[in-house]
Amino acid sequence: MAQNKTQDNRAWLGVLPVMLIVAFSGVIPLMTVVNYSVQDILDFNTRFFVGFEWYRETLTDPRFIDAFLRQLGFSAAVLAIEIPLGIVIARGMPTQGLRASLLLVLLATPLLIPWNVVGTIWQIYARSDIGLLGVTLNEMGFAFNYTAEPLHAWLTLLATDIWHWTSLVALLAFAGLTSVPAACYQAAELDGASKWQVFRHVELPRLKGVLVIAVLLRLMDSFMIYTEPFVLTGGGPGNTTTFLSQYLATMAVGQFDLGPAAAFSVIYFLFILLFSWLFYASVMRSEEGS
Amino acid sequence: MSRRSRLSRWVLAGYCVYLILPLYWLLTLALRSNADIAGVFELVPSNPTLANFAEILTNPVWYQGFVNSISYVLLNTLISVSVALPAAYVFSRYRFLGDRQLFFWLLTNRMAPPAVFLLPFFQLYSSIGLFDTPLAVALAHCLFTVPLSVWILEGFMSGVPTEIDDMARIDGHSFWFFFTRIFLPINRSAIGVTVFFCFMFSWVELLLARTLTGSEAKPIVVVMTRTVSASGMDWGVLAAASVFTVLPGILVVWFVRQHLVKGFALGRV
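Quantities reported herein were computed from a predicted structural model and do not represent experimental measurements. (Residues numbered from 1 in each chain as written. Chains lettered and ligands numbered in written order. Predicted model: local features only at pLDDT ≥ 70, side-chain atom pairs only at ≥ 80, totals over all residues.)

## Structural notes on the overall build of chain A
What chain A contains, in helices and strands, is 12 helices and three strands. By principal-axis analysis of the C-alpha atoms, chain A measures approximately 75 × 70 × 35 Å. Contacts in chain A between residues far apart in sequence, at least 24 positions, make up 69% of those at least 6 positions apart. (Helix = DSSP H or I, 4+ residues; strand = E, 2+ residues; numbered from the N terminus. Contact = placed C-beta atoms within 7 Å.)

## Looking at the overall build of chain B
Within chain B, the secondary structure is distributed over 13 helices and one strand. Beginning at the N terminus, the succession of helices and strands in chain B can be written as α-α-α-α-β-α-α-α-α-α-α-α-α-α. In terms of principal-axis extent, the alpha carbons of chain B reach across some 75 × 60 × 30 Å. Within chain B, the proportion of its 269 residues that are buried is 45%. Counted over contacts in chain B with a minimum sequence separation of 6, partners at least 24 positions apart contribute 83%. (Buried ≥ 20, exposed ≤ 12 C-beta atoms within 10 Å, placed from the backbone.)

## Here's the deal with the interface of chain A and chain B
The interface is formed by 84 residues belonging to chain A together with 83 residues belonging to chain B. Tallying contributions element by element places helix 1 (residues 12-37) of chain A first for the side of chain A that touches chain B, with 13 residues. Of the residues belonging to the side of chain A that touches chain B, the class tally is 56 nonpolar, 22 polar and six charged. For strand 1 (residues 6-7) of chain A and strand 1 (residues 94-95) of chain B, the ladder comprises two bridges, and the chain directions are parallel. Its bridge partner lying in strand 1 of chain B, Gln-7 of chain A is registered against Arg-95 of chain B. (Nonpolar A, V, L, I, M, F, W, Y, C, P; charged D, E, K, R; others polar. Pairing = 2+ DSSP bridges.)

## Here's the deal with unusual backbone geometry
For residues other than glycine, phi is negative in most cases, and the peptide bonds are mostly trans. All names here are of chain B. Backbone geometry places Asp-132, a non-glycine residue, at a positive phi of 70°. Looking at the element boundaries, Asp-132 is found in the loop between helix 6 (114-127) and helix 7 (134-158). The class for Asp-132 is partly exposed, based on 16 C-beta atoms found within 10 Å.

## With respect to the nonpolar core
One finds Ala-173 and Leu-248 of chain A together with Val-150 of chain B to be the most contacted residues of the largest nonpolar core, which totals 154 residues. Top contributing element to this core by residue count: helix 7 of chain B, with 16 residues. For Ala-173 of chain A, the contacting residues outside a window of four places in its chain are Gly-86, Ile-87, Ala-90, Leu-207, Val-210 and Leu-211 of chain A. (Core = buried A, V, L, I, M, F, W, Y, C linked by C-beta atoms within 7 Å.)

## Here's the deal with the confidence of the model for chain A
Mean pLDDT for chain A: 86, with 97% of residues reaching 70 or above. When the elements of chain A are averaged for pLDDT, strand 3 (residues 47-49) of chain A gives the smallest value, 78, and helix 3 (residues 62-92) of chain A the largest, 93. (pLDDT = per-residue confidence, 0-100.)

## What about helix 8 (residues 182-190) of chain A?
Side chains of residues three or four places apart in an α-helix project in the same direction, reflecting 3.6 residues per turn. Counting buried positions over the nine residues of helix 8 of chain A gives zero, only a small fraction of the element. Positive phi appears at Gly-192 of chain A, one or two residues downstream of helix 8 of chain A, with a value of about 70°.

## So, the packing of helix 3 of chain A against helix 7 (residues 150-177) of chain A
Residue and element names in this part refer to chain A. Helix 7 packs onto helix 3 with a crossing angle of 45° between their chain directions and a minimal axis gap of 7 Å. The orientation of helix 3 relative to helix 7 falls into the category oblique. The handedness of the crossing between helix 3 and helix 7 comes out as right-handed. Of the residues in helix 7, those in contact with Ala-77, Val-78, Ile-81, Glu-82, Ile-83, Leu-85, Gly-86, Ile-87, Ile-89, Ala-90 and Arg-91 of helix 3 are Leu-158, Asp-161, Ile-162, Trp-165, Thr-166, Val-169, Ala-170, Ala-173, Phe-174 and Leu-177. Tallied by class, residues from the contact of helix 3 with helix 7 come to 16 nonpolar, two polar and three charged. (Axes fitted to C-alpha atoms, helices over the stretch in contact; angles between N-to-C directions. Parallel < 35°, antiparallel > 145°, perpendicular 65-115°, else oblique. Left-handed = near helix turned anticlockwise from the far one by under 90°.)

## Considerations on the environment of Ile-121 of chain A
Locating Ile-121 of chain A in the fold gives a position in helix 5 (residues 115-126). Since 26 C-beta atoms lie within 10 Å of it, Ile-121 of chain A is described here as buried. Measuring from C-alpha to C-alpha, the distance between Ile-121 of chain A and Leu-232 of chain A comes to 9.1 Å, with 111 residues separating the pair along the chain. Not counting chain neighbours up to four residues away, the residues in contact with Ile-121 of chain A comprise Pro-22, Leu-26 and Ser-242 of chain B.

## What about the environment of Phe-64 of chain A?
Residues and elements named next belong to chain A. Inspection of the secondary structure puts Phe-64 in helix 3. A tally of 21 C-beta atoms within 10 Å means that Phe-64 is categorised as buried. Sequence separation between Phe-64 and Leu-248 is 184 residues, and the spatial gap between their C-alpha atoms is 9.2 Å. Residues in contact with Phe-64, not counting those within four places in the same chain, are Thr-58 and Phe-264.

## Quick word on the packing of helix 1 of chain A against helix 6 of chain B
Where helix 1 of chain A meets helix 6 of chain B, the closest approach of the two axes is 9 Å, and the angle between their N-to-C directions is 110°. By the angle between their axes, helix 1 of chain A is roughly perpendicular relative to helix 6 of chain B. Along its contact with helix 1 of chain A, which presents Ile-28, Pro-29, Thr-32 and Val-33 of chain A, the element helix 6 of chain B presents Val-116, Phe-117, Pro-120, Phe-121, Gln-123 and Leu-124 of chain B. Across the contact of helix 1 of chain A with helix 6 of chain B, the residue classes tally to eight nonpolar, two polar and no charged.

## Topic: the environment of Leu-133 of chain A
All names here are of chain A. By the element assignment, Leu-133 lies in helix 6 (residues 132-139). Judged by the 20 C-beta atoms lying within 10 Å of it, Leu-133 is buried. Residues Leu-133 and Trp-122, 11 residues apart in the sequence, show an inter-C-alpha distance of 9.2 Å. Each residue touching Leu-133, except ones within four places of it in the same chain, is listed here: Tyr-125 and Ala-126.

See below:
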């Protein structure tokens, strides 16, 4: 948005279609949720205003807190693994030729597989009776069974998420690396910089923009994860892999608890906005500082 | 290139193996009968069969699922791109009252967890009689794909110099002519990347698609989850259906692979 732009309020006509469609599919539903969240709805004709009762109840509900902490742990683990791994993979990518094209397609493929199919693929890969991974691990002497062991379920989910989304980080970082001029590498070489120094002082500063986007996307999306655990573990064993979205979906569509589910939704949305904003603001602040 | 250190190449190679193994396993299971899968464990199928694929192509429940999915994905892509084009154009060319606020408000929709919208979507689309139609799913997905499309297109269009607009005006072309015959062709790679991301979101999403459809417009991803619970575990057919859902993605990536890196380079995904 850096160009010299003319001031013209008629430009609103251009954004009108977008406004209408987002109002229809975003604002109306969101208002419905906010409206429900302050009412006790017995049926559609009998409802009472209860103020912040549902919010208080949700925030003190031990099952919500557990799901929230699990969610935090999962997102933290996902970010800690996928971001560095993605950068290393991007640095290994060739830039030209058929091999580069094939690698791009291979890396992008997991991003375009329906999320429940990702779950299915890992299910039949990790099962201890028919899965390549599960059977191999058991043959090697590990009693691996992700449907019964919470730790195994967690590791399988993490492995699935890494399989599914590291490519996104890698592709973003790869695109960022293509913008580093060759002259910078030559200059660093003349100065006798080590590989690590080249990475730290030449590449990393230029990757900052795409990495901010990568962290934001992975943070938001891992916080909303629903489908893969739903297919792979069903939230189990017990509740050990029930994350926020799944808990909410059970409440809203399974049990039809309108009020509490709505309050849950509002809190959930606000948390994601808060995390994204905190991260974005801290990046911006450090940018101004340097 | 000097940046390709030995370590990073080994990691890349290892990661490729990590990516391919589950896909390979999916393919081998799709080529085996259910009794075979349950009976023996083998790395290479000894009696490969195409029966699972035949089942999907001949059973209307399965192939209708594909038709339903593809119809809402296409609808969604069409709606998203056509409303996002004018919006992205004015965002990239004009300042107007509330433009920044509007732009960021649009992006916050990308951050909304789909689970939050389950209930209101269900009620909204039921009350206007769209429940269980591809259009309902397409419109619901618009909440995520429209902001994304505006964001991607704006990034590309801002890179097109405004002199082009002025030249067209001086040459006496109407705005409509300029926009459709000059401006859009310049931005075709941007449109390609946008289509890719709309497709990517709409094709892979399960939660909303499942909630907004009943028996009529049931998408393939839902057919898969329901078949699993109904008839026990038919791993072979499930694997074959999975293979079919992976293919369109690979095709789309192959066609837009050149533009993809440019799109990622703008950081607009």
